[in-house]
Amino acid sequence: MASSNLWRSARAQVEAELLGRLRSPATLVSLIGLLVLSFLWVPSPTSGAYSIAWKNAHGELESGRYSTSFVGASAAVLAALFLTLIGFYLVAGSVRRDRESGIGLILAGTPLTRSAYLFGKWLAHFAYLSVLGSVALATGLAVWLRYGEGPFALWPLVAPYLLLVPVGLAFTAVTAVLFDVTPGLRGRGGQVLYFFFWTFVFLLLPGEFYGGFEQAPSEGSWPLFDPVGLATFVRVLHHSLPNGFGGDLNLGLAIIDEPIARVPWPGIQFGLGMVGARIGSLLWLLPPFALAVWVFDRFDPARGRARSRRKESAEPVVPPQGTPARVVAPAVALAPISTSPSSARAVAAEARLIWLEARLQRWPLAGTALAAALPGSAGQLPAAIFLLLLGVVLSEVAARESLAGTSPLIHSQPAVPRSKLAWKLGASLLVSLLLGLPGELAALLGGAAGGLAWLLGLGFVATLAVATGSLSRGGRLFLGLYTALWYLALNGKGGPFDFSGRFGTESRLGVAASFLAGAMLLMLLAQALEHRRERA
Amino acid sequence: MLEVRSLTKRYAGGVTALADFSLQAPAGVLGLLGPNGAGKTTLMSILATVTRPTGGTVLWQGQDVLADPHGLRRSLGYLPQDFGVYPKLTAREFLRYLGRLKGVAERDLGSRIDHLLELTNLRQMADRPLGSYSGGQKQRVGIAQALLGDPRLVIVDEPTVGLDPEERVRFRNVLAEIAHGRLVILSTHIVSDVEAIASSIAVLRQGRLLAHATPEELLRRAQGRVFEALVPSERLAEVQSRVAVSSLVRKAEGTRLRFVGDPSSLPGATAVEPSLEDAYLWLSRWGS
């Protein structure tokens, strides 16, 4: 009986969440982004670019021929990597939304238990991410139809996905639930932390524990903790490559000048140990889920306030003798006051608010902004972290009013310009340029092109944040896309993703300009939609 | 001061919230009364320049508001029915931000905020994050921001929701006091809120204006339409389906009803002096 109730409530939540999310413009933008990324991820075999490569037992660089199994593996690795990273930003915030919209209080008055509610959230996250994942799979099929060689077979195309992706999505979903219910992690601080959590716990820890990605894995059992599945994938390659696996697995779109050998890859040879380890690794979902259930306050404000109440009771405020505890001042007429609203003041006020709202991030942001002034490679890492934090701080600027429900208050103010997006963009650019000044000095030392690329990069972050924030009416889509791009730029040490000219040794002005141009196109789309919304 | 001509608002789903609505309002307190869905919030949202109407004209001191919304916004203090706050900001920070968007000079801003915090009884908690405020305290922040500039037009939608009785009376007095030389538009379901301070009352139903008159005029219109009668308790349900009951008191001999409607349906009913609530009930049910 209890389990049927659990499934019924979970099903209801999955339906409600899926319907809400699938109707959101954020899903459309995510699907388009994933579609583009999927096509880029499996480049033409004659282009000189590759996304998955390794060294064979003789130390020679190899990649796979575009058979269904290799294309399927490429699509699966892409989905496993990016949906576990971006997916978090797309699904996190659901409990927070219930809390802020008041739905949580309504649910709290029903017999729904904490575990049933959170299980429903987990399942809804998993289902939504699976919908997105299926796009990567479908794109894999399209890519094979275009570049593929050999006969088509469905199972080799789908098998890598089934082996790697669902486990990763399950871990992402449970982490989103845990972060959502944990005070201090449910806001933007948690969103920053997740990136590092994903890098170290989901990606590097299994890699290090099970032999790493730089060398051939040692013989032994299949990884029992491998959320993203890369350690498992390395072992699969080790067992199946015709010329052996010498390590040095490269993931990410890269272009090489020397010819790369493309070898036939027979695909995954499934075994009981491999499948058992993947299924068994799902047991790791239980501790974070149990922790989430334990931490979750079930929307009871008294639990959240217990600490502050204890603090208050430790320092009682005693009203002076002879005065009432609550002083009611007499109503006083308003004195005349002069006002001079202007768009410039509105932009400045908004820029100040961006700084005020970034309570957790502003000092690390200022610190890395200053450290980005270090010349050459010394300033590269601080500049990269500065750009990441800047993205976090700007992520909700365009959607702040709709997220907090302040639209009628703010949009009726005289200083707010006719174009809200221009206002938000102005404030975001102001914050970006002021904080990016030290980095600009360092970039200029490397040449005018570097200085200009850095400015274009700052403009790109601000424009993309405002455009995607307006399109999705939230900040998570931007954070997901931007963090993935930032990761690609950092991992690629520059190259085609270096939107600011500071990730590599060489500033590519054209790359930075292209990214800014793309963001401006999105901005135009956002402006058109904003105009349509206003007219409705 | 304010003139509304043939205002119409149709939403994308085909719902008509306002239909050919016209009104003139001089300085003073204009109370808006009407049942849920009457179009009060849509009207206020249009007057506050947040929503664009489908048709019609709004003139503020002779200027077309739809052509130049900024002209009215400079004179506007607006408290919407549902509004959010930024939970991480303190009340003082939030008011400072809004003060800048209203264009209040920096030299005046601090003292103005202090004055309004005092006025709304928020001074002692002004530096706490808004996320820790109760519903009534947030409402008071909303009231403070509406008065932050030097508004000539104050639009307040259900302003007393969540306030305790003491604060309600206090806020009513503030509105009455600032209405000298200004126009205050107050929408509410609580008839006693407008009864106390409104210089005129507009009654809306289904997006149309049923009446716009002084409270005295509305009372006069309800003369001879309000009655009291003693009804056996077992007939109560049947009687309630025929008349609009404004109050009832159970007694040993039956239930004493106060109702608006046709006295012939209850023999023995005696006419009584109408209250504004009775007048509103009569208008919203039978007025046209």
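Residues numbered from 1 in each chain as written. Chains lettered and ligands numbered in written order. Predicted model: local features only at pLDDT ≥ 70, side-chain atom pairs only at ≥ 80, totals over all residues. Heavy atoms only, no water.

**Considerations on the overall build of chain B**
Each helix and strand counted, chain B has 10 helices and 14 strands in total. Seen along its three principal axes, the alpha-carbon backbone of chain B occupies a region of about 70 × 45 × 40 Å. Looking at chain B as a whole, 56% of its 288 residues are labelled buried. By sequence separation, contacts in chain B at least 24 residues apart represent 66% of the contacts at least 6 residues apart. Split by element, the accessible area of chain B, about 11,700 Å² in all, is 48% carbon and sulfur. (Helix = DSSP H or I, 4+ residues; strand = E, 2+ residues; numbered from the N terminus. Buried < 20%, exposed > 50% of the residue type's maximum accessible area, 1.4 Å probe, protein only. Contact = heavy atoms within 4.5 Å. Areas by Shrake-Rupley, 256 points an atom, 1.4 Å probe, with all protein chains shown as cover.)

**Some thoughts on the environment of Leu374 of chain A**
Topologically, Leu374 of chain A is positioned in the loop between α14 (362-371) and α15 (380-394). Between the alpha carbons of Leu374 of chain A and Gly267 of chain A there is a distance of 48 Å; along the sequence they are 107 residues apart.

**Quick word on the sheet that holds strand β2 (residues 16-25) of chain B**
All names here are of chain B. Judged by pairing direction, the sheet is antiparallel, and its 4 strands sit side by side in the order β2-β1-β4-β5 without closing on themselves. Of all strands in the sheet, those bounded by a partner on one side alone are β2 and β5 (63-64). Here strand β4 (residues 55-60) pairs with β5 via 2 bridges, running antiparallel. Note that in β5 the partner of Trp60 across the bridge is Gln63. Along the sheet, helix α1 (residues 40-47) makes contact with β1 (2-10), β2 and β4, crossing β1 at roughly 120 degrees. (Pairing = 2+ DSSP bridges. Axes fitted to C-alpha atoms, helices over the stretch in contact; angles between N-to-C directions.)

**Description of the interface of chain A and chain B**
It is common to give the size of an interface as the accessible area that goes away when the parts come together. With 46 residues of chain A in contact, the opposing surface of chain B contributes 54 residues. Summing the contributions of chain A and of chain B, the shared interface buries around 4,500 Å²; its carbon and sulfur component is 54%. The largest share of the area that chain A buries against chain B comes from Leu334, Ile337 and Leu409 of chain A, three residues that together contribute 16% of it. Viewed at the interface, chain B and chain A are joined by 2 salt bridges. Here Arg345 of chain A makes a salt bridge to Glu106 of chain B, at a shortest N to O gap of 3.2 Å. (Buried area = accessible area lost by both parts, 1.4 Å probe. Salt bridge = Lys/Arg side-chain N within 4 Å of Asp/Glu carboxyl O.)

**Points about the sheet that holds strand β3 (residues 28-33) of chain B**
All names here are of chain B. One open sheet accounts for 6 strands, arranged β6-β7-β8-β3-β9-β10; its pairing is mixed. In the strand order of this sheet, the two ends are held by β6 (76-79) and β10 (208-213), each with one partner. Put simply, the sheet's adjacent strands are angled 15 degrees from each other on average, direction ignored. In terms of strand pairing, strand β9 (residues 200-205) meets β10 through 5 bridges, oriented antiparallel. Bridged to Arg205 within β10 is Arg208. Across the face of the sheet, helix α6 (residues 165-178) comes into contact with β3, β7 (153-157) and β8 (183-187) while running at roughly 155 degrees to β7. Helix α10 (residues 276-286) contacts β3, β9 and β10 of the sheet and is inclined by roughly 35 degrees relative to β9.

**Considerations on the packing of aromatic side chains**
Residues and elements named next belong to chain A. Tallied over the entire structure, the rule returns 41 aromatic pairs over all chains. Aromatic pair Trp144 and Phe152: ring centres 5.2 Å apart, planes at 55 degrees, arrangement tilted. Taking the relative accessible area as the measure of exposure, Trp144 reaches 10% and is therefore buried. Look at Tyr194 and Phe197: their rings are 6.2 Å apart centre to centre, the planes differ by 35 degrees, and that puts the pair in the tilted class. One end of the pair is Tyr194 and the other is Phe197, both in helix α8 (residues 188-209) and 3 residues apart, which spans about a single turn. Judged by relative accessible area, Tyr194 falls into the buried class, the value being 0%. The ring of Tyr128 is capped by Arg21, whose NZ or CZ atom sits 5.3 Å from the centre of that ring. The lysine or arginine in question, Arg502, covers the ring of Trp454, its NZ or CZ lying 5.5 Å from the ring centre. (Phe/Tyr/Trp six-rings, centres within 6.5 Å; stacked < 30°, edge-to-face > 60°. Lys NZ or Arg CZ within 6 Å of the ring centre and 35° of its normal.)

**Examining the packing of helix α3 (residues 68-91) of chain A against α8 of chain A**
Residues and elements named next belong to chain A. Put simply, α3 and α8 touch, their axes get as near as 10 Å, and they point 155 degrees apart. For the element pair α3 / α8, the angle class is roughly antiparallel. Note on packing geometry: the crossing formed by α3 with α8 is right-handed. Here α3 contributes Leu81, Thr84, Leu85, Phe88 and Tyr89 to the contact with α8, which in turn contributes Gln191, Tyr194, Phe195, Trp198 and Leu203. Class assignment for the residues of the contact of α3 with α8 results in 8 nonpolar, 2 polar and no charged. (Parallel < 35°, antiparallel > 145°, perpendicular 65-115°, else oblique. Left-handed = near helix turned anticlockwise from the far one by under 90°. Nonpolar A, V, L, I, M, F, W, Y, C, P; charged D, E, K, R; others polar.)

**Considering the nonpolar core**
Within the largest apolar cluster, 220 residues are counted, with the highest numbers of intra-cluster contacts made by Leu81, Leu118, Leu387, Phe460 and Phe499 of chain A. In this structure Phe499 of chain A touches Leu387, Ala453, Gly457, Phe460, Val461, Tyr482, Leu485, Trp486, Ala489, Ala512 and Phe515 of chain A, once residues within four positions along its chain are discounted. In this structure, Leu30, Ala38, Ala48 and Ile185 of chain B belong to the second largest nonpolar core, which totals 27 residues. (Core = buried A, V, L, I, M, F, W, Y, C linked by side-chain atoms within 4.5 Å.)

**Focus: the side chain of Arg400 of chain A**
Structurally, Arg400 of chain A is set in helix α16 (residues 400-404). Setting aside residues no more than four positions away along its own chain, Arg400 of chain A makes contact with Glu350, Leu353, Ile354, Glu357, Thr406 and Lys424 of chain A together with Tyr86 of chain B.

**Some points on helix α9 (residues 230-240) of chain A**
Burial of α9 of chain A is extensive: 9 of the 11 residues sit out of reach of the surface. Looking only at α9 of chain A, the buried set comprises Leu230, Ala231, Thr232, Phe233, Val234, Arg235, Val236, Leu237 and Ser240 of chain A.

**Digging into the pairing of β8 of chain B**
All names here are of chain B. Among the 5 residues in β8, 5 count as buried, and that is most of the element. Across the two faces of β8 the burial is the same, with Leu183, Ile185 and Ser187 and Val184 and Leu186 all buried. Two strands pair when backbone bridges link them, and β7 and β8 are joined in this way by 5 bridges, in the parallel orientation. By the bridge assignment, Asp157 is partnered in β8 with Ser187. One crossover worth recording links β7 to the parallel β8 by way of α6, and it is right-handed. (Right-handed = clockwise from strand over helix to strand, strands pointing away.)

**Quick look at the environment of Phe270 of chain A**
Positionally, Phe270 of chain A belongs in the loop between β4 (261-263) and α10 (272-280). C-alpha separation for the pair Phe270 of chain A and Asp226 of chain A, spaced 44 residues apart in sequence, amounts to 17 Å.

**Some details on the pattern of salt bridges**
Counted according to the given criterion, the structure contains 30 salt bridges over all chains. Across the pair Asp226 of chain A and Arg278 of chain A runs a salt bridge whose closest N-O atoms are separated by 3.9 Å. Of this pair, Asp226 of chain A sits in the loop between α8 and α9 while Arg278 of chain A sits in helix α10; the two residues are 52 residues apart in sequence, bridging distant segments of the chain. You'll find Asp226 of chain A and Arg278 of chain A in the same group, each marked buried. Put simply, Glu217 of chain B and Arg221 of chain B hold a salt bridge, and the shortest N to O gap is 3.2 Å. Here the residue Glu217 of chain B and the residue Arg221 of chain B both occupy positions in helix α8 (residues 215-222), the gap between them amounting to 4 residues, near one helical turn. The class for Glu217 of chain B is partly exposed, based on a relative accessible area of 24%. For Arg221 of chain B, a relative accessible area of 29% corresponds to the partly exposed category. Residues participating in the shared-partner salt-bridge network are Glu350, Glu357, Arg400, Glu401 and Lys424 of chain A.

**Considering the confidence of the model for chain A**
Residues of chain A with pLDDT of at least 70 account for 89%, and the chain-wide mean is 84. Across residues 305-331 of chain A, confidence stays below pLDDT 50; counting only partners more than four residues off in sequence or on other chains, it has 22 contacts. (pLDDT = per-residue confidence, 0-100.)

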